Amino acid sequence: MFKTIDDLDTEQQLLVRLDLNAPVEDDVVQDNRRFARHAETLRELLADGHAVAVLAHQGRPGRDTFVSLEQHAAILADHLDRDVDFVADTFGEDALAAIDDLEGGEALVLENARMCDEELPEEAPEVKADTEFVRTLAPEFDAYVNDAYSAAHRSHASLVGFPRVMDAYAGRVMEQEYTANSSIQEREFDGTVTMALGGTKAEDLIPVIESVDGVDQFCLGGIVGELFLRAAGHDVGYDVEGTDFFDDQWDDQRETIERILEEYEDSLYLATDLAYEGADDERAEVDVEGLEKETSYLDVGSDTAETYADLVRESEAVFVKGALGVFEDERFADGTVTVLEAIAETDCFSVVGGGDTSRAIGMYGLDEDDFGHVSIAGGAYVRALTGEPLVAVEALEAAAE
Ligand SMILES: Nc1ncnc2c1ncn2[C@@H]1O[C@H](COP(=O)(O)OP(=O)(O)OP(=O)(O)O)[C@@H](O)[C@H]1O
Ligand SMILES: O=C(O)[C@H](O)COP(=O)(O)O
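Residues numbered from 1 in each chain as written. Chains lettered and ligands numbered in written order. Predicted model: local features only at pLDDT ≥ 70, side-chain atom pairs only at ≥ 80, totals over all residues. Heavy atoms only, no water.

### Quick look at the pairing of strand β4 (residues 51–55)
- Taken across its 5 residues, β4 has 5 buried, putting it largely inside the fold.
- Where burial is concerned, the two faces of β4 agree: the one with Ala51, Ala53 and Leu55 and the one with Val52 and Val54 are both buried.
- Sheet topology note: the strand β1 (residues 13–17)/β4 ladder contains 5 bridges and is parallel. By the bridge assignment for β4, Leu14 is matched with Val52.
- Alignment of β4 against strand β6 (residues 107–109), held across 3 bridges, turns out to be parallel. Each bridged residue has a counterpart across the sheet, and for Val54 the counterpart in β6 is Val109. (Buried < 20%, exposed > 50% of the residue type's maximum accessible area, 1.4 Å probe, protein only. Helix = DSSP H or I, 4+ residues; strand = E, 2+ residues; numbered from the N terminus. Pairing = 2+ DSSP bridges.)

The following block contains the structure:
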């Protein structure tokens, strides 16, 4: 087991890894549940007199969401109702000077860790520990705290490198999510177990279908659902209008998708209709037989949503990862919200995961208490459901030995 912040001495100089990865709309970073949850950890650390430098990432290089963390510092400051400084540097001279100036009870956000070349390539923890990034920052601090459960499946320098060379502790979010997201197989449900998979990160979800034990049926939507429809012979799942969701993931995952489609025929539910932006910008729907390659489909259709909701109502347990449509736009929220409402109405065991997806609960007036657990993690959460270890958790455990 790892050590937690309960094991920390007070008034330390701390390097704290958070996951503030958030949606970005027109260059504006959107508050999501991650800020509120991590603010709780920070509040506790600051109250104990620690000086806190926050390390986090946003987006991936080359994507529109790959932006500075300056706005994140301001959002955190709002949640904490106190100043949070920002320095546009991660481990260079400016960052070191700002860290040096930090006093007990103060918080500082360092620049997007993914702007450092050594952060990203997935490599073994010992390789990451030997990067200039880790070797420069580590000596500036008394200890490292990892609260970024939702990024714990990535073997990146900020997640697995520091715990090899420093005293390392789990933050509150790490601790709570780790406890709540245990593998489905260990839980042993009596009735039907359903998993609704959607969102954009097909590469994270597709392996889950094959590796998870104990799930009876999968309801697919979002980008992942469209890729399966493409494999089933429908004219959908192609990049149009400058999107980059489909073609690369199709090239990488095609064989697996085709194999899963055949082997899991009886437990996979694909959409029978999809929604798109029709004339006058209204929501329009079409049966999958009528799909056209050139159209962007933005939600599952209402027949599909009802079918999925019925499957949920008959289930003993439901796990959700990823939205079934672009729920941020009310016109395309129907699939996601219908399924979430069905979960909330029944007393099935449920977990809803995904940094973006979990936002839908608050946005559409659903009550968090009607869900078993709402996870702010996406990829890490689905891996945990399959019983797969998370590298950054393993790194914390190794540091405790
Ligand atoms: N058909 C679609 N076209 C484009 N975007 C879609 C579609 N369906 C769902 N989405 C988007 O998927 C996003 C949610 O999925 P995403 O894969 O980002 O992650 P998540 O479940 O929040 O988890 P993570 O924490 O791994 O990011 C939503 O913001 C939604 O707008
Ligand atoms: O949002 C997430 O799921 C985590 O921050 C990990 O982001 P990534 O999928 O870009 O590595």
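### Some words on the UniProt feature "binding site: substrate" (unreviewed entry) in the protein
- Feature annotation in UniProt assigns "binding site: substrate" (unreviewed entry) to the following positions: Asp19, Leu20, Asn21, His57, Gln58, Gly59 and Arg60. Spanning 42 residues, the annotated positions come together in the fold, the maximum distance between their C-alpha atoms being 13.3 Å.
- Along the chain, the position of His57 falls in the loop between β4 and α2 (70–80).
- Side chain to side chain, His57 and Arg17 meet in a polar contact 3.1 Å long. (UniProt positions renumbered as here; feature names shortened; annotations may be inferred. Polar contact = N/O pair within 3.5 Å; in protein donor to acceptor, adjacent residues only side chain to side chain.)

### A look at helix α13 (residues 334–345)
- With 12 residues, α13 should reach 16 Å at 1.5 Å per residue; the first-to-last C-alpha distance of 16 Å fits that figure.
- Summarising burial for α13: 9 of the 12 residues are buried, a large majority.
- Among all positions of α13, only Gly335, Thr336, Val337, Thr338, Val339, Leu340, Ala342, Ile343 and Ala344 are buried.
- Each element contacted by the buried residues of α13 is listed here: β14 (297–300), α12 (302–313), β15 (317–321), β16 (349–353) and α14 (359–363). (Expected span 1.5 Å × (residues − 1). Contact = heavy atoms within 4.5 Å.)

### Quick look at the packing of helix α1 (residues 33–47) against helix α7 (residues 172–180)
- One can describe the packing of α1 onto α7 by two numbers: an axis separation of 8 Å at closest approach and a directional angle of 130°. With respect to each other, α1 and α7 are oriented oblique. Judged by residue contacts, Arg37, His38, Thr41 and Glu44 of α1 engage Arg172, Val173, Gln176 and Glu177 from α7.
- Taken together, the residues of the contact of α1 with α7 sort by class into 1 nonpolar, 3 polar and 4 charged. (Axes fitted to C-alpha atoms, helices over the stretch in contact; angles between N-to-C directions. Parallel < 35°, antiparallel > 145°, perpendicular 65-115°, else oblique. Nonpolar A, V, L, I, M, F, W, Y, C, P; charged D, E, K, R; others polar.)

### Some details on the nonpolar core
- Counting residues in hydrophobic clusters, the biggest one holds 70 residues, and the most contacted among them are Leu110, Phe162 and Phe228.
- Residues lining this core come from more than one domain, with at least three contributed by each of domain 1 (5–178 + 390–400) and domain 2 (182–374).
- Phe162 has contacts with Leu15, Leu55, Phe133, Val134, Leu137, Ala138, Tyr144 and Ala157, leaving out every residue within four places of it along the chain.
- In this structure, Val312, Ala323, Ala360 and Val374 belong to the second largest nonpolar core, which totals 35 residues. (Core = buried A, V, L, I, M, F, W, Y, C linked by side-chain atoms within 4.5 Å. Domains from an automatic or database assignment.)

### Some thoughts on helix α11 (residues 247–263)
- Counted at 1.5 Å a residue, the expected span for α11 with its 17 residues is 24 Å, and the 23 Å between its end C-alpha atoms agrees.
- The axis of α11 is deflected most strongly, by about 65°, at Gln253.
- Packed against the buried residues of α11 are α9 (202–211), α10 (222–231) and β11 (268–269). (Bend = angle between axes of the 7 residues up to and from the residue.)

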